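The lines below spell out each chain.
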Amino acid sequence: MDIESETRKILDEALGLHGRSAAFVRATPLLGAVPELDSMAVLAVLTLLEERFGFAIDDDEIDGETFASFGSLTSFVARKLAHA
């Protein structure tokens, strides 16, 4: 499973980006840079990550750094999968 591709699909779905996430690279900023990524959208992304990748996310695992960039988000997913 390609973590970056799946995470792009999740962002597109949760945020209604209509394919804009295809241009995201690891350095692409998310929080504060993607207007669609508000607090409700963060919850939607987390829910879709759990469903798609089959892991559970505890509240204390998430902070602003998780959604700082596309790379930080995909690194978070990779860490979760490694410990699942």
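A few points on the structure. Note that the structure is predicted; figures quoted are calculated from it, not measured.

Under the counting rule described, the total for this entry stands at seven salt bridges. Linking E4 and R26 is a salt bridge whose minimum nitrogen-to-oxygen distance equals 3.4 Å. With E4 in helix α1 (residues 3-15) and R26 in the loop between α1 and α2 (39-53), this pair connects stretches of sequence that are 22 residues apart. Of the residues examined, R26 reaches a relative accessible area of 41% and is grouped as partly exposed.

This brings us to the packing of α2 against helix α3 (residues 70-82). One can describe the packing of α2 onto α3 by two numbers: an axis separation of 12 Å at closest approach and a directional angle of 40°. On the basis of their axis angle, the class for α2 and α3 is oblique. When the axes of α2 and α3 are compared, the crossing they make is right-handed. When α2 is examined against α3, the residues V45, L49 and F53 are found in contact with a partner set consisting of L73, V77 and L81. Grouping the amino acids of the contact of α2 with α3 by side-chain chemistry returns six nonpolar, no polar and no charged.

Here G19 shows up in the loop between α1 and α2. Taking relative accessible area as the criterion, G19 reaches 37% and is therefore assigned partly exposed. As a C-alpha pair, G19 and E51 span 32 residues in sequence and 21 Å in three-dimensional space.

Position of T28 among the secondary structure elements: in the loop between α1 and α2. Among the residues examined, T28 registers a relative accessible area of 16% and is labelled buried. Once the C-alpha coordinates of T28 and A68 are considered, the two residues, 40 residues apart in sequence, prove to be 8.6 Å apart. What T28 contacts, discounting residues up to four positions off in sequence, is A23, A68, S69 and F70. A polar atom in the side chain of T28 sits 2.8 Å from the backbone nitrogen of V25.

Further remarks concern the side chain of T66. One can find T66 in the loop between α2 and α3. The contacts of T66, once residues within four sequence positions are left out, are E61, S72, L73 and F76.

This next bit is on the side chain of S21. For S21, the location among the structural elements is in the loop between α1 and α2. Beyond its immediate chain neighbours, meaning those up to four positions away, S21 contacts R8 and D12.

Criteria and thresholds
- Within each chain, residue numbers correspond to sequence positions counted from 1 in written order.
- Totals for whole chains, interfaces and linings use all residues, but because this is a predicted model, local features are given only for residues with pLDDT of at least 70 and pairs of side-chain atoms are given and counted only at 80 or more.
- Excluding hydrogens and water, the side-chain values take into account all heavy atoms of the structure.
- A pairing counts as a salt bridge when a side-chain nitrogen of Lys or Arg comes within 4 Å of a carboxyl oxygen of Asp or Glu.
- A run of H or I in DSSP becomes a helix once it reaches four residues, and a run of E becomes a strand once it reaches two; helices and strands are each numbered from the N terminus.
- Throughout, exposure labels follow a simple rule: accessible area from a 1.4 Å probe, protein chains only, divided by the maximum for the residue type, with under 20% read as buried, over 50% as exposed, and the rest as partly exposed.
- To obtain an axis, a line is fitted to C-alpha atoms, over the contacting stretch when the element is a helix, and the angle between two such axes runs from 0 to 180 degrees between their N-to-C directions.
- By the definition adopted for this analysis, an angle is roughly parallel if under 35 degrees, roughly antiparallel if over 145, roughly perpendicular if from 65 to 115, and oblique otherwise.
- Two helices that cross are described as forming a left-handed crossing if the nearer one is turned anticlockwise from the farther one by less than a right angle, and a right-handed crossing if clockwise.
- By definition in these notes, contact holds between two residues if any of their heavy atoms fall within 4.5 Å.
- Ten residue types, Ala, Val, Leu, Ile, Met, Phe, Trp, Tyr, Cys and Pro, are classed as nonpolar, four, Asp, Glu, Lys and Arg, as charged, and the remainder, Gly among them, as polar.
- Pairing of N or O atoms within 3.5 Å defines a polar contact, subject to two protein rules: one partner must be a possible hydrogen donor and the other a possible acceptor, and residues neighboring in sequence count only if both atoms are side-chain atoms.

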